[in-house]
Protein chains: 4
Amino acid sequence: MKIKDDNKINDIYAATLKLVKASGLAGITMQAVAKEAGVATGTLYIYFQNKDELIIRLFDVCVKNSASNFFKDYSVRDPFKVGFRTIWSNILQHRLSRFPESIFIEQCFHSPFIDEDTKITLKKMFDPLLELLNRGKREHLIKNIDTFWLLTFMIGGINEVAKRVVYFNKKLSVELMDQNFQMCWDGIKA
Amino acid sequence: MKIKDDNKINDIYAATLKLVKASGLAGITMQAVAKEAGVATGTLYIYFQNKDELIIRLFDVCVKNSASNFFKDYSVRDPFKVGFRTIWSNILQHRLSRFPESIFIEQCFHSPFIDEDTKITLKKMFDPLLELLNRGKREHLIKNIDTFWLLTFMIGGINEVAKRVVYFNKKLSVELMDQNFQMCWDGIKA
Amino acid sequence: MKIKDDNKINDIYAATLKLVKASGLAGITMQAVAKEAGVATGTLYIYFQNKDELIIRLFDVCVKNSASNFFKDYSVRDPFKVGFRTIWSNILQHRLSRFPESIFIEQCFHSPFIDEDTKITLKKMFDPLLELLNRGKREHLIKNIDTFWLLTFMIGGINEVAKRVVYFNKKLSVELMDQNFQMCWDGIKA
Amino acid sequence: MKIKDDNKINDIYAATLKLVKASGLAGITMQAVAKEAGVATGTLYIYFQNKDELIIRLFDVCVKNSASNFFKDYSVRDPFKVGFRTIWSNILQHRLSRFPESIFIEQCFHSPFIDEDTKITLKKMFDPLLELLNRGKREHLIKNIDTFWLLTFMIGGINEVAKRVVYFNKKLSVELMDQNFQMCWDGIKA
DNA sequence: GATGAATGAGCCTTCATTCAT
DNA sequence: TATGAATGAAGGCTCATTCAT
């Protein structure tokens, strides 16, 4: 008997992300996913109940993946600016190296696939960063603005950098990274 | 003989945007657009050759609309910071008041509807702003960073604010607007 | 605009019955029904929500059709034997002239299409005949057996005659009809 | 090497019959049969070449089974009425105790599984009963009607009783059996 | 022999597009 | 122009059958 193969699930996820990057959620067909993943259409239905479940579970994987990458090498005992820069870099790196996942998450947001509860879960992903920003405010290192908007400001900058690197095929040198971080830091610092 | 009715076209555009906001480009069907717009399916094909043309022309309208709004009340003779703030506000206002258009444009980006040339056109929309930023650099008012990334930084912040206002149902008081602008300004200023 | 055509529904019903007779409920595909009815597959979905609804509504039509045929030319004021013979003939005629409908109803009985409630409705179809048989018992013309089993006996004979006429390609002469009725009558008469 | 297991074949047959009773021939899938029988899908194909063969061989088993049950305890040397009653009872008992087999045979009749030759074989099953009825006519005990229709009359009554016992969940007391037989007998007797 | 994952043809259904009215 | 019924290609999904273990 053939054994269910977890790698196959990853192949399917990878195929889906590739197709979403190329032509959006709208462009996904189970046929196309199967072909891209190198399996038969029916095989998809061994691993996923239906198209919805495939999308939803991939969404979940992407979110969890993000969360674990964002706080890599970060410790709450780091000095504020060190920690902040670590997370800033992690998020940017993650967005860049896994750009299709970002697009996928974004497209899922405006689709019938993802429900409101799931969206809330997504928000929680940033909790440790919110904590750090609160600490920054307590230590008078950053502006006394609602943490939600500080986070918004930081994330917005990162997202747009990642998008434009990809869309306009730019290279991000260490110097550019520094410049971009500097703008972010100058923006939030007290 | 009745004349092609511009109101009807606008109804169709509005219906399309509404549906895209609710369920993404993936969720759009000509039947649904027709129903939402209050016309018969066949009528869509009087005003548009096919679905592609509907999407592309709406994309075009949205882009042109943005461009005209972004530089409203702005004059190249304004002092730098005044002009910058005007444009910053215009973009944010536009994103907020016409949020579905932003989603639509974003989703079109990763879809088979929009080709590479159109994407480049989109980029040109920001030319007057690039000019202004260049002037700011010449006047040593803002950081000496590639204008592309200064723009990126500014746009990123605005987009994320708009998204979060809508997704998390926030109100933007004048004070919050000021705080957000301050972060942006501190980020780019020399 | 093309107008919805009720004849089309009848064409679809006829096509379905023909296919069920030829190869059973198992052999029905929407494609085959459409082809047999001379319409496109999609057209079926204008008139019926889905395959289930097509089956269920056809079932309903067949049942109602039977009911109206069974008691044609019958009056409760007829002498018992006259009324009984009228109904007996009607049922047999109906079974013969609309044999595919009988098969269809039978096959639906053992299918996931028809629910228990619908089966009960079907039973009610025979109420006037039950009334007549009760009267026959009161008039001491027929055996004093639970009416349910008198009905069963009558119907069983008719059904089997109809089946065998069709399956074995027999002709039913007037004489044979008389002989068959005689057996039925001798069976139930007091 | 293990030997093909007859019990397994019977399990498969039983599973098939159960499923046909529940949802008709249309509702049968090899997957469902395997699951119901407690074997793997692939195992079915060790015992049967394909789905058709499974159906056809089960059909055959059911028919042979019927034939052997119908004439149990019957001897051509029995007095006519004794023999007739024996067979009548046997058929009814068989229909009742193996009701799913009857449904299965009936459904097979209107399916692409069974061909015309097989249907003729089925007819031969009743030959000893036809013989008996011919003898009854020779002995002037029963009506002088074409034996085919005498048989039809008898079988029809039995089938309908069996169906209604099952569908309407009736109990058949000895008294009711007697009453039903009486109707049959009065129907055919000279 | 037994298993059940894998396959892909084919079924149900949707939807872009056409066309008779 | 406007309508919406009709079309049929294509997508989601199932299931008879195969095959590696």
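Owing to the predicted nature of the structure, the values given are computational and were not obtained by experimental measurement.

The rules we used
Residues numbered from 1 in each chain as written. Chains lettered and ligands numbered in written order. Predicted model: local features only at pLDDT ≥ 70, side-chain atom pairs only at ≥ 80, totals over all residues. Heavy atoms only, no water. Helix = DSSP H or I, 4+ residues; strand = E, 2+ residues; numbered from the N terminus. Buried < 20%, exposed > 50% of the residue type's maximum accessible area, 1.4 Å probe, protein only. Areas by Shrake-Rupley, 256 points an atom, 1.4 Å probe, with all protein chains shown as cover. Lys, Arg positive; Asp, Glu negative; His and termini not counted. Charge placed at Lys NZ, Arg CZ, Asp CG, Glu CD. Near = heavy atom within 4 Å. Polar contact = N/O pair within 3.5 Å; in protein donor to acceptor, adjacent residues only side chain to side chain. Nonpolar A, V, L, I, M, F, W, Y, C, P; charged D, E, K, R; others polar. Contact = heavy atoms within 4.5 Å. Buried area = accessible area lost by both parts, 1.4 Å probe. Salt bridge = Lys/Arg side-chain N within 4 Å of Asp/Glu carboxyl O. Least-squares fit on C-alpha atoms with pLDDT ≥ 70 in both. Domains from an automatic or database assignment. 1 Å grid on protein atoms, 1.4 Å probe; cavity = no way out; pocket = protein on both sides within 12 Å on 5 of 7 lines; lining within 4 Å. Points joined across faces, edges and corners; volume = space filled by probe spheres on them. Phe/Tyr/Trp six-rings, centres within 6.5 Å; stacked < 30°, edge-to-face > 60°. Lys NZ or Arg CZ within 6 Å of the ring centre and 35° of its normal.

Caption draft 1: Molecular detail of the overall build of chain A. Along the backbone of chain A there are 10 helices and zero strands. Principal axes of the C-alpha set define a box for chain A whose edges measure 60 × 35 × 30 Å. Classification of the 190 residues of chain A by burial places 54% in the buried group. For chain A, the computed accessible surface area is about 9100 Å², with 52% contributed by carbon and sulfur atoms. Here chain A carries 27 positive and 22 negative side-chain charges, and the mean point of each set is 3 Å from the other.

Caption draft 2: Representation of the protein's contact with DNA strand F. In the vicinity of DNA strand F lie 42 residues, with Met1 and Lys51 of chain A, Met1 and Thr43 of chain C together with Met30 of chain D positioned nearest. A distance of 2.4 Å separates a phosphate oxygen of DNA strand F from a polar side-chain atom of Thr43 of chain C. Mapped onto the surface near DNA strand F, the elements with two or more residues apiece are helix 2 (30-37) and helix 3 (41-47) of chain A, helix 3 (41-47) of chain B, helix 3 (41-47) of chain C together with helix 2 (30-37) and helix 3 (41-47) of chain D. When residues of the surface near DNA strand F are assigned to their parent elements, the largest contribution, five residues, is made by helix 3 of chain B. Here the residues of the surface near DNA strand F sort into 18 nonpolar, 15 polar and nine charged.

Caption draft 3: Just the interface of chain C and chain D, in detail. Every contact between the two is made by 47 residues of chain C and, on the other side, 47 residues of chain D. Roughly 3900 Å² is buried in total at the junction of chain C and chain D, and carbon and sulfur atoms are behind 69% of that figure. Looking at the side of chain C facing chain D, the largest losses of area belong to His110, Trp149 and Met183 of chain C, adding up to 21% of the total buried there. At the boundary of chain C with chain D, the tally comes to four salt bridges. Where Lys143 of chain C meets Asp186 of chain D, a salt bridge forms, and the shortest distance between an N and an O atom there is 2.6 Å. At the junction of chain C and chain D, the tally comes to 12 residue pairs in polar contact (both at pLDDT 80 or more). Of all the secondary structure elements, the ones that give two or more residues to the side of chain C that touches chain D are helix 1 (6-23), helix 6 (99-109), helix 9 (147-167) and helix 10 (174-188) of chain C. In the side of chain C that touches chain D, the residues fall into 24 nonpolar, 14 polar and nine charged.

Caption draft 4: Here's a closer look at the relation of the copies chain B and chain A. Mapping chain B onto chain A calls for a rotation angle of 180° and an axial translation of 0.0 Å; the resulting RMSD is 0.1 Å. Seen this way, the second copy is the image of the first under a two-fold rotation axis. A share of 100% of interface residues in chain B that are also interface residues in chain A marks the association as one of identical surfaces.

Caption draft 5: Quick peek at the domain arrangement of chain A. All names here are of chain A. The domain architecture assigned to chain A consists of domain 1 (1-48) and domain 2 (51-188). For domain 1 versus domain 2, the distance between C-alpha centres works out to 27 Å. Taken residue by residue, the interface counts 14 residues in domain 1 and 18 residues in domain 2. Taken together, domain 1 and domain 2 are joined by zero salt bridges. There are three residue pairs in polar contact (both at pLDDT 80 or more) connecting domain 1 and domain 2. When residues of the side of domain 1 that touches domain 2 are traced back to their parent elements, those giving at least two are helix 1 (6-23) and helix 2. Residue contributions to the side of domain 1 that touches domain 2 peak at seven residues, all from helix 1. Grouping the amino acids of the side of domain 1 that touches domain 2 by side-chain chemistry returns 11 nonpolar, two polar and one charged.

Caption draft 6: Structural context of the pattern of salt bridges. Using the criterion set out here, one finds 48 salt bridges over all chains in the structure. For Arg164 of chain C, the salt bridge identified is with Glu160 of chain C, shortest N-O distance 3.0 Å. Of the two residues, Arg164 of chain C and Glu160 of chain C are both situated in helix 9; the distance of four residues between them amounts to about one turn of the helix. Residue Arg85 of chain D is joined to Asp178 of chain D by a salt bridge in which the shortest nitrogen-to-oxygen separation is 2.9 Å. Placement of Arg85 of chain D in helix 5 (residues 80-97) and of Asp178 of chain D in helix 10 (residues 174-188) is noted, with a sequence separation of 93 residues between them. Residue classification places Asp178 of chain D among the partly exposed residues on the basis of a relative accessible area of 34%. Among the charged side chains, a salt-bridge network with shared partners connects Glu106 and Lys163 of chain A together with Glu106 and Lys163 of chain B.

Caption draft 7: Spatial organisation of the layout of surface pockets. Its volume calculated, the largest pocket comes out at about 520 Å³. Taken together, 28 residues make up the lining of the largest pocket; nearest its centre are Glu160 and Arg164 of chain C together with Arg95, Leu122 and Asn159 of chain D. Contributing elements (two or more residues each) for the lining of the largest pocket: helix 9 of chain C together with helix 4 (51-70), helix 6 (99-109), helix 7 (116-124) and helix 9 (147-167) of chain D. With seven residues, helix 9 of chain D is the largest single contributor of residues to the lining of the largest pocket. Here the residues of the lining of the largest pocket are counted per class, giving 16 nonpolar, four polar and eight charged.

Caption draft 8: Local environment of the side chain of Ser66 of chain B. For Ser66 of chain B, the location among the structural elements is in helix 4 (residues 51-70). In contact with Ser66 of chain B, not counting residues within four places along its chain, are His94, Ile105 and Met125 of chain B.

Caption draft 9: Here's a closer look at the relation of the copies chain C and chain D. Mapping chain C onto chain D calls for a screw motion: a turn of 180° about the axis and a shift of 0.0 Å along it, with 0.2 Å RMSD after fitting. With an isologous cut-off of 70% or more, the 100% of interface residues of chain C that recur at the interface of chain D puts this contact in the isologous class.

Caption draft 10: Spotlight on the packing of aromatic side chains. What the rule picks out here adds up to 58 aromatic pairs over all chains. Between Phe71 of chain A and Tyr74 of chain A the ring centres are 6.2 Å apart and the planes differ by 55°, which places this aromatic pair in the tilted class. Each member of the pair, Phe71 of chain A as well as Tyr74 of chain A, carries the same accessibility label: buried. Put simply, the rings of Phe80, Phe84, Trp88, Phe181 and Trp185 of chain A pair up and form one aromatic cluster. Here the basic side chain of Arg164 of chain A rests over the ring of Phe148 of chain B, its NZ or CZ set 5.6 Å away from the ring centre.

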